[in-house]
Each structure stands twice: as structure tokens, then as C-alpha cells.
Protein chains: 2
Amino acid sequence: MKLLEERIRLAGKVKDGDILKVDSFLNHQLDIELLDKLGEEFYRLFKDSGVNKILTVEASGIAFACMAARYFKVPVVFAKKSRSANISEDVYKSEVRSFTHGVTNTVIVSREYLSPKDRVLIIDDFLANGKALTGLTDIVRQSGAVAVGAGIVIEKAYQGGGDRLRANGLRIESLAKIVSMSDEDGIIFDSDI
Amino acid sequence: MKLLEERIRLAGKVKDGDILKVDSFLNHQLDIELLDKLGEEFYRLFKDSGVNKILTVEASGIAFACMAARYFKVPVVFAKKSRSANISEDVYKSEVRSFTHGVTNTVIVSREYLSPKDRVLIIDDFLANGKALTGLTDIVRQSGAVAVGAGIVIEKAYQGGGDRLRANGLRIESLAKIVSMSDEDGIIFDSDI
């Protein structure tokens, strides 16, 4: 998606440790006008997939999932990281290692909110090594629902997580796909080559 | 807001420890159609306040802030809980004790995203003892911005946090204001009495 790529090139910052900082418009501060357009684009891509629920994971996925859900007119379920005092014990769960934070979280979804009747679109902000997305697809599998695909805002394609999941049959649509990035050469998208 | 009160009465569950569980539509699973109407109502209430930024705190505030921000056409900034590897050191911060989770978090906002030019609407899902809202108003104060007010989805008025903050001059608009709740008597809103 050209609009998003241009914005990442303009306002994204490549940091040591393979980190792309998009805090000024996609994370921490959110450009809602842009997010609304991303939501509309996810709808264009998946509108024929019979989606009746959107699944994401707190915290940074929630904004994108909500903006997309307005177009789909379906509820959002967000997986929670670690057990909360007011979540029932009856949950689907999966272990997810966070690349950015260097910690392993248990992500959980109450059994009440996913069932075999559901056709689920997974939405998340980043896809890199694929650990978070693998955790979310695992939760969908446990519930007996169908994962119709995943809508990702930024894929770091060079980390290979997306292609491993595609090879397993998951449809993944990434609005910006980075094939390389560095301080010297900047950010190269798949649409550049 | 009648629509919200009716939904809380229908789908909310009062649990031991003064917990109101609204997981099926406001937290964990999100009824986006309802959230869109809450966002529109916050806009109706604060549209003349010159709001140019909405501030909330991760994770559960993000959805409400985003849905409101669409109407205001302003960016959202969400305060982060605890220090993340890719947040700059240059932050405003405040300590917040969570009633639900029984832990104390440091909430932080990068200095880049709040300044004396900003007129900030704070949005959050719950207001009970007022600790989270006090933390967010403290962050706005540190930045030199103006807090034009706070939009709250559910206020547990009987805990007194809202009235303490109102007494300090903060305008607070709560879409549902609970004056008492118990397993036996159910939920009583201020509009009931």
C-alpha cells in the first residue's frame, strides 16, 4: 500500500537491533486518519471471506483491529497477555515470544468468544519471525474456528516468518512488506524491486 | 447514555471483589457498533472544547480512544505501561495502581507527543478510585498541555474517584455512572434515581 510505505519511509526510524520505530503514527501515537484507510484496505482484501470476527492481541494490535472491524461490521476479540484477575479460567492459550521486548507471554482468549462457527480474520501490526501470528492461529485452531487469513500492517519479510506461515496454508496480506532495512540504505519494500 | 446502561444491565456481570465484568462487549470482545456510538457521544460532549489530541492508556482504553478520535479527526496517544525496549528515555511518567490487577505500573508517554500546544481529551474505559485518570492528568500537566476533560465509559461513582477529580476542576463525562452494584440488587445507575 503506497500511502503506508511512503509514510514509513518518511516517519519510520531504523534503530539498532533490527527495530523499526513507528511510534509517531502507528504505535504510541496513532494517526487515526491513516489507520482508518488501513482498515478500509483490509476490508477490500478480505471482504469476500465471510469474516464474522476479528482477532488481535493487546496492546498494539487493538487500534488496527477496531478500525478494520468498523468496515466489516463484526466484533473484535483481543487476546490478553498473561492471566488477568477478571478473566475466567476457561481459556484458549498459547505461548508467544516477543521479539521487541525479549519476553515470553502467555496469550489467552476466553472460550466464550471463539467457536467452530467463527470465520476469523487475524489482524496485527507487525509480522517478523511469526511468533505472535503463530500463537493467534494456534488459538483459532484450538477453538475449532476457521482462520480465513491474516491482515498485517508491516511485515519484515526478510525474517521469514510470513513465508513459513504462508507455506502452511495461511493467507497473509501485508500492507507494507519490508525486504531489507538498515541505517545506511534505508527501508526497501517489495514494491521497490 | 441509555443504550450503554441497558447493555451493561443485560450483559454485564457483577463479580466478587467489586468487579464488573463487561468482557463480552467492552473488554476482551468489543462490540464495535456500540463502541462507534460511544465515540460519537464523546464527540457530541466535547466537540466545542478545541480537542487536538486524545490520550488514553493501554490496553483497554485504546479501542474507545480510537473510535472517538475518528469523530474528532485527531491523533490518539496511548500511554504505555512499563518501559519498552523501543521507547526513548525522554518520557513523562506517572505511577498508577491498578484496582483490577492489584499491581502498580509506571505509565509513560514520550515527550515527543504532548506539548504545551495541545488540548487533550483523556479517554478511558473505567473510572473507579481515579488512580489511572490521576496518572494521565499528571502526565498532561507535566507536558504543559491543557486537559480539556475526560470521557469515561463506565464510572463506579460510589468509589468517589470521579468526584475527587471533579472537585479539582477536571470536567469528567461518564457515559454510564454506577451508584451501586451487587449480586442481589443488580446495577443501579444515577439515571435510575
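The following refers to the structure shown. (Residues numbered from 1 in each chain as written. Chains lettered and ligands numbered in written order. Predicted model: local features only at pLDDT ≥ 70, side-chain atom pairs only at ≥ 80, totals over all residues. Heavy atoms only, no water.)

**With respect to the side chain of D36(B)**
Structurally, D36(B) can be placed in helix α2 (residues 32–46). A relative accessible area of 17% means that D36(B) is categorised as buried. (Helix = DSSP H or I, 4+ residues; strand = E, 2+ residues; numbered from the N terminus. Buried < 20%, exposed > 50% of the residue type's maximum accessible area, 1.4 Å probe, protein only.)

**Brief notes about the nonpolar core**
Core analysis: the largest hydrophobic core is formed by 79 residues, its most contacted members being L26(A), I54(A), L26(B) and I54(B). Not counting chain neighbours up to four residues away, the residues in contact with L26(B) comprise L4(B), L34(B), L35(B), L38(B), F64(B), V153(B) and I154(B). (Core = buried A, V, L, I, M, F, W, Y, C linked by side-chain atoms within 4.5 Å. Contact = heavy atoms within 4.5 Å.)

**Brief notes about the interface of chain A and chain B**
Contacts between the two partners involve 38 residues from chain A and, on the opposite side, 38 residues from chain B. Together chain A and chain B conceal approximately 3300 Å² of surface at their shared face, both sides included; 60% is due to carbon and sulfur atoms. Seen at the junction of chain A and chain B, the total is 4 salt bridges. With its nearest N and O atoms 3.9 Å apart, the salt bridge here joins K21(A) to E112(B). Remark: the boundary between chain A and chain B carries 12 residue pairs in polar contact (both at pLDDT 80 or more). Listing elements by their share of the side of chain A that touches chain B, those giving two or more residues are β2 (19–21), β4 (29–30), α2 (32–46), α3 (62–72), β6 (76–81) and β8 (104–110) of chain A. (Buried area = accessible area lost by both parts, 1.4 Å probe. Salt bridge = Lys/Arg side-chain N within 4 Å of Asp/Glu carboxyl O. Polar contact = N/O pair within 3.5 Å; in protein donor to acceptor, adjacent residues only side chain to side chain.)

**Thoughts on the relation of the copies chain A and chain B**
The operation relating chain A to chain B is a screw motion whose rotation component is 180°, with 0.0 Å of axial translation and a residual RMSD of 0.0 Å. Such a combination of rotation and displacement between the chain copies is what one expects of a two-fold axis. For chain A, the smallest separation between a C-alpha atom and the rotation axis is recorded for A59(A), amounting to 2.4 Å. Mapped onto chain B, 100% of the interface residues of chain A are again interface residues, and the two copies thus contact each other with one and the same surface. (Least-squares fit on C-alpha atoms with pLDDT ≥ 70 in both.)

**So, the packing of α3(A) against helix α3 (residues 62–72) of chain B**
Viewed as axis vectors pointing N to C, α3(A) and α3(B) meet at an angle of 50°, and their least axial separation amounts to 9 Å. Between α3(A) and α3(B), the angle falls in the class oblique. Two packed elements cross with a definite hand, and for α3(A) against α3(B) that hand is right-handed. Across from I62(A), A63(A), C66(A), M67(A) and R70(A) in α3(A), the residues of α3(B) making contact are I62(B), A63(B), C66(B), M67(B) and R70(B). Here the contact of α3(A) with α3(B) is built from residues that sort into 8 nonpolar, no polar and 2 charged. (Axes fitted to C-alpha atoms, helices over the stretch in contact; angles between N-to-C directions. Parallel < 35°, antiparallel > 145°, perpendicular 65-115°, else oblique. Left-handed = near helix turned anticlockwise from the far one by under 90°. Nonpolar A, V, L, I, M, F, W, Y, C, P; charged D, E, K, R; others polar.)

**Describing the pairing of strand β9 (residues 119–127) of chain A**
All names here are of chain A. Of all the 9 residues making up β9, 7 are buried; the element is thus mostly covered by neighbouring parts of the structure. In this sheet, β9 lies alongside strand β5 (residues 53–57) in parallel orientation, the contact comprising 3 bridges. Within β9, the residue paired with K53 across the bridge is V120. Viewed along the sheet, the connection from β9 through helix α4 (residues 131–143) into strand β10 (residues 146–156) turns out right-handed. (Pairing = 2+ DSSP bridges. Right-handed = clockwise from strand over helix to strand, strands pointing away.)

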